[in-house]
Amino acid sequence: MLRATRPEGTRIRVGTVEFGGPGFVVMAGPCAVEGAEQVERAAAAVADAGAHVLRGGVFKPRTSPYAFQGMGEPGLHVLAEAGRRHGLPIISEVMEPSQLPFMEESADILQVGARNMQNFSLLRALGKSRRPVLLKRGLSATLQEWLLAAEYILDGGNEQVMLCERGIRTFETELRNTLDLAAVAWAKQRSHLPVIVDPSHATGVAELILPMSLAAAAAGADGLLIEVHPRPEQALCDGHQALTPERFQTLMRRLPAVLGAVDRHLWRPDSPAQVARAR
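All values derive from a computational prediction rather than experimental measurement. (Residues numbered from 1 in each chain as written. Predicted model: local features only at pLDDT ≥ 70, side-chain atom pairs only at ≥ 80, totals over all residues. Heavy atoms only, no water.)

## Description of the UniProt feature "domain: DAHP synthetase I/KDSA" (unreviewed entry) in the chain
Part 1 of the argument: Taking the UniProt record as the reference, the feature "domain: DAHP synthetase I/KDSA" (unreviewed entry) is found at residues 22-251.
Part 2 of the argument: Span residues 22-251 is 39% helix and 15% strand, its end C-alpha atoms 19 Å apart. (UniProt positions renumbered as here; feature names shortened; annotations may be inferred. Helix = DSSP H or I, 4+ residues; strand = E, 2+ residues; numbered from the N terminus.)

## Focus on helix 9 (residues 245-261)
Part 1 of the argument: With 17 residues, helix 9 extends 26 Å between its outermost C-alpha atoms, agreeing within 8% with the 24 Å of an ideal straight helix rising 1.5 Å per residue.
Part 2 of the argument: For helix 9, the principal kink sits at L255 and spans about 30°; a proline, P256, occurs within the next four residues.
Part 3 of the argument: Those residues of helix 9 not exposed but buried are F248, L251, M252, L255 and L259.
Part 4 of the argument: Among the structural elements, strand 3 (23-29), helix 1 (36-49), helix 8 (206-219), strand 10 (223-227) and strand 11 (265-266) are those in contact with the buried residues of helix 9.
Part 5 of the argument: D263 lies just past helix 9 and shows a positive phi near 60°. (Expected span 1.5 Å × (residues − 1). Bend = angle between axes of the 7 residues up to and from the residue. Buried < 20%, exposed > 50% of the residue type's maximum accessible area, 1.4 Å probe, protein only. Contact = heavy atoms within 4.5 Å.)

## A word on the pairing of strand 5 (residues 90-93)
Part 1 of the argument: Of the two faces of strand 5, the one lined by I90 and S92 and the one lined by I91 and E93 are each fully buried.
Part 2 of the argument: Relative to strand 5, strand 4 (residues 53-55) is paired through two bridges, and the arrangement is parallel. Counterpart to L54 in the pairing with strand 5 is I90.
Part 3 of the argument: Here strand 5 runs beside strand 6 (residues 109-112); their pairing, made up of three bridges, is parallel. Within strand 6, the residue paired with I91 across the bridge is I109.
Part 4 of the argument: Between the parallel pair strand 5 and strand 6, the chain is carried across by helix 3 (residues 100-106), and the sense of this crossover is right-handed. (Pairing = 2+ DSSP bridges. Right-handed = clockwise from strand over helix to strand, strands pointing away.)

Shown next as structure tokens:
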């Protein structure tokens with residue numbers, strides 16, 4: 001995956017959306033699918049704000065076994081239906097190879113969470129998938145370990161891989177994790193794969209999502225993965241790091257100016273004909 005082997009970079013197409021080109025992609029939605037009404041409100045809000053992909057977890061690996069673990073396969077159908085209604089592809093996390101058959105039927109992008117970055121059985125199975133994969137960096141993974149995890153998928157024949165920096169564990173205790181923006185710039189120089197930033201998990205603080213998102217755009221990221229919840233105070237998990245629809249609207253309004261400063265822009269379909277072909 002060395003940049004020198006593909007200096008133009010890898011571009012990944014998902015419906016009308018393209019990752020890795022000059023267009024900057026925003027994926028947004030709730031951390032976890034909690035029910036149809038919650039997902040519908042979140043999908044409407046992020047679509048109205050100009051997001052390109054709807055995110056939502058249906059399997060939630062949690063530190064505590066007593067915490068909300070997600071709705072599972074029924075939640076995936078709820079997410080997919082909301083995505084279709086609002087014209088948004090969906091991204092959701094897969095945790096083990098046995099989930100792939102039904103995940104591939106509904107999810108447009110398969111996410112590998114930080115705790116599964118070195119789940120090599122899962123990575124090898126994803127190498128045989130035709131779906132794009134977003135690979136999150138592990139909590140304590142080095143940059144080389146991150147790229148080598150991606151190689152497991154690439155080696156299996158699936159070249160549709162995106163890297164995701166989501167913060168690493170350090171000695172700092174005020175924030176959930178430490179966002180490594182130097183890793184974003186390094187990965188863009190070293191690898192030809194698109195690089196996404198998840199400022200929600202990287203900070204764990206809703207008030208920091210906007211400045212860190214703008215910083216990620218300036219650092220050369222190809223997109224963002226952001227948690228948005230219609231009622232963060234009622235969220236079953238990670239409500240403290242979720243943006244309200246109003247805050248997300250503010251972020252989307254401010255992104256174009258920063259992107260313009262680094263010769264980028266928010267992704268937009270090339271033409272009406274292209275949109276029609278993708279439907």
